[in-house]
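Chain by chain, the residues run as shown.
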Amino acid sequence: PHTRSCKRSAWARYFFFLFSAQRSENAFSSSCRRLACRRAMRIHYGTVSTEHTSEQLRQLASVEVTEKQSKRLAGYKGCRLSVLFSGEFRNDRYAGILVASDGLVTDPIQMDELVQGLILHTSAINTPMAGLRAWFPPDTAVQQTSCGKVGSVDLKGLDECIISDTVLIHNLQMAAPGLIVEANSINRTELLNIARGLAGFPSATNVCVVRISVAGLVLTVSAPLEADHHKVLVRFSGPLKQVDDVWRELHSLNRRALRSLGLLYQLRQGYLLQSMGCLSVSTGLVLTTLGILAVIAATRLRSR
């Protein structure tokens with residue numbers, strides 16, 4: 001019975017891989033483009049997610065940035081972040097992380113400071129902005145920026161705000177160095193798959209995790225003929241409940257990446273042969289040959 005079950009499982013995995021959708025566009029970049037076009041942001045409270053468009057935000061009570069607060073943004077208008085939070089989350093047990101559409105992630109912001117932030121949606125000449133912008137008054141939500149300066153958060157292209165328990169955020173910050181070392185040493189193949197299938201670098205040759213937060217994994221990616229390293233955020237598929245969920249999400253991202261990369265990639269990397277380990281060698285070769293012929297036939301049909 002165990003042998004029959006194993007064979008059935010192997011057949012199921014084979015046909016799942018065989019008919020996986022081969023998407024040429026990665027999920028991360030396409031998601032960012034859709035959000036940029038809609039000028040919208042999401043707020044995540046655990047498993048609850050709400051979306052707010054720029055049009056909806058402009059209907060809320062507006063606050064104008066004064067020249068004393070910022071000479072560069074004087075006259076810009078926006079709504080307070082506090083009006084978007086339900087009462088149960090407005091206490092010291094929670095903190096928020098802001099994520100931009102280009103993958104930039106802020107450090108955690110305590111709730112008493114997060115509620116003071118503005119979501120700017122209208123320019124000084126009273127026209128809608130191309131994208132939303134998270135801005136905090138001076139001496140509020142102070143942290144180091146991506147360029148090394150220290151100041152209040154001012155995030156262009158606001159994409160989402162993730163509200164999480166401060167205990168989880170603290171535990172993740174403490175565990176992150178060890179998780180990063182382990183992921184980079186043990187899960188290098190999975191990280192390459194994720195960079196190639198989800199982060200938009202199909203020819204990536206080297207990938208390293210440089211940061212882990214409740215938002216996702218921040219990777220540095222190297223590609224052939226490119227001197228610079230690219231830094232990209234790959235978002236988790238769902239909220240983290242505990243630190244160990246990072247490994248669950250890593251394996252989930254790897255499975256999504258393999259589906260995105262398609263059958264030929266899986267054949268080249270040997271994933272199909274691994275999934276058919278319970279089958280006899282002859283049966284495995286027959287199935288692999290059938291898979292290759294199916295891909296060739298599908299390619300010729302598309303070319304017509």
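Structure: above.
Not measured: the values here are computed from a predicted model. (Residues numbered from 1 in each chain as written. Predicted model: local features only at pLDDT ≥ 70, side-chain atom pairs only at ≥ 80, totals over all residues. Heavy atoms only, no water.)

The next point concerns the nonpolar core. With 39 residues, the main nonpolar core has Leu-172, Val-207, Val-209, Ile-212, Leu-217, Leu-219 and Val-221 as its most contacted residues. At the level of elements, β5 (94-100), α5 (166-186), α6 (188-197), β13 (206-213), β14 (216-222), β15 (230-235) and α7 (245-261) are the ones that each hand at least two residues to this core. Here the element with the most residues in this core is α5; it accounts for six residues. Leu-81, Val-115, Val-153 and Leu-158 belong to the second largest nonpolar core, which has 26 residues in total. (Core = buried A, V, L, I, M, F, W, Y, C linked by side-chain atoms within 4.5 Å. Buried < 20%, exposed > 50% of the residue type's maximum accessible area, 1.4 Å probe, protein only. Helix = DSSP H or I, 4+ residues; strand = E, 2+ residues; numbered from the N terminus.)

Once that is clear, we can look at the environment of Thr-145. Along the polypeptide, Thr-145 turns up in the loop between β9 (142-144) and β10 (150-152). Residues Thr-145 and Leu-104, spaced 41 residues apart in sequence, show a C-alpha to C-alpha distance of 9.9 Å.

Attention now moves to the pairing of β5. Across the seven residues of β5, seven count as buried, placing the element largely inside the fold. The alternating pattern of β5 places Tyr-94, Gly-96, Leu-98 and Ala-100 on one face and Ala-95, Ile-97 and Val-99 on the opposite face, and all of these are buried. Alignment of β5 against strand β12 (residues 158-165), held across seven bridges, turns out to be antiparallel. By the bridge assignment for β12, Ile-97 is matched with Ile-162. Of the pairings in the sheet, the one linking β5 to strand β6 (residues 109-110) comprises two bridges and is antiparallel in character. Within the sheet, the bridge partner assigned to Ala-95 lies in β6 and is Gln-110. (Pairing = 2+ DSSP bridges.)

Further remarks concern α6. The element α6 is largely enclosed, with a buried count of eight among its 10 residues. All of the buried residues in α6 are Glu-190, Leu-191, Leu-192, Asn-193, Ile-194, Ala-195, Arg-196 and Gly-197.

Attention shifts here to the packing of aromatic side chains. Counted under the stated rule, the structure contains one aromatic pair. Ring centres 6.4 Å apart and planes at 85° place the aromatic pair Tyr-45 and Phe-85 in the edge-to-face group. Here Phe-85 lies in the loop between β4 (77-80) and β5 and Tyr-45 lies in strand β1 (residues 40-45), a separation of 40 residues in the sequence. (Phe/Tyr/Trp six-rings, centres within 6.5 Å; stacked < 30°, edge-to-face > 60°.)

In the structure shown here, the tally under the stated rule is 10 salt bridges. What emerges from the salt-bridge pattern is a single network uniting Arg-42, Asp-159, Glu-160 and Arg-235. (Salt bridge = Lys/Arg side-chain N within 4 Å of Asp/Glu carboxyl O.)

Given a rise of 1.5 Å per residue, 21 residues ought to cover 30 Å, and the 29 Å separating the end C-alpha atoms of α5 matches this to within 8%. Along its length, α5 shows its largest kink, about 50°, at Ala-176, and proline Pro-177 lies within four residues downstream of that point. For α5, the complete set of buried residues consists of Thr-166, Leu-168, Ile-169, Leu-172, Ala-176, Leu-179, Ile-180, Ala-183 and Asn-184. Buried positions along α5 lie against β5, β6, β12, α6, β13 and α7. One side-chain oxygen at the N-terminal end of α5 lies 2.7 Å from the backbone nitrogen of Val-167; it belongs to Asp-165. (Expected span 1.5 Å × (residues − 1). Bend = angle between axes of the 7 residues up to and from the residue. Contact = heavy atoms within 4.5 Å. Polar contact = N/O pair within 3.5 Å; in protein donor to acceptor, adjacent residues only side chain to side chain.)

Right, let's talk about the layout of surface pockets for a bit. There is about 760 Å³ of room inside the largest pocket. For the largest pocket, the lining is made up of 29 residues, of which Leu-104, Gln-144, Thr-145, Ser-146 and Cys-147 are closest to its centre. Of all elements in the fold, only β9, β10, β11 (154-156), β13 and β15 reach the threshold of two or more residues within the lining of the largest pocket. Class assignment of the residues belonging to the lining of the largest pocket gives a composition of 13 nonpolar, nine polar and seven charged. Approximately 590 Å³ is the volume attributed to the second largest pocket. (1 Å grid on protein atoms, 1.4 Å probe; cavity = no way out; pocket = protein on both sides within 12 Å on 5 of 7 lines; lining within 4 Å. Points joined across faces, edges and corners; volume = space filled by probe spheres on them. Nonpolar A, V, L, I, M, F, W, Y, C, P; charged D, E, K, R; others polar.)

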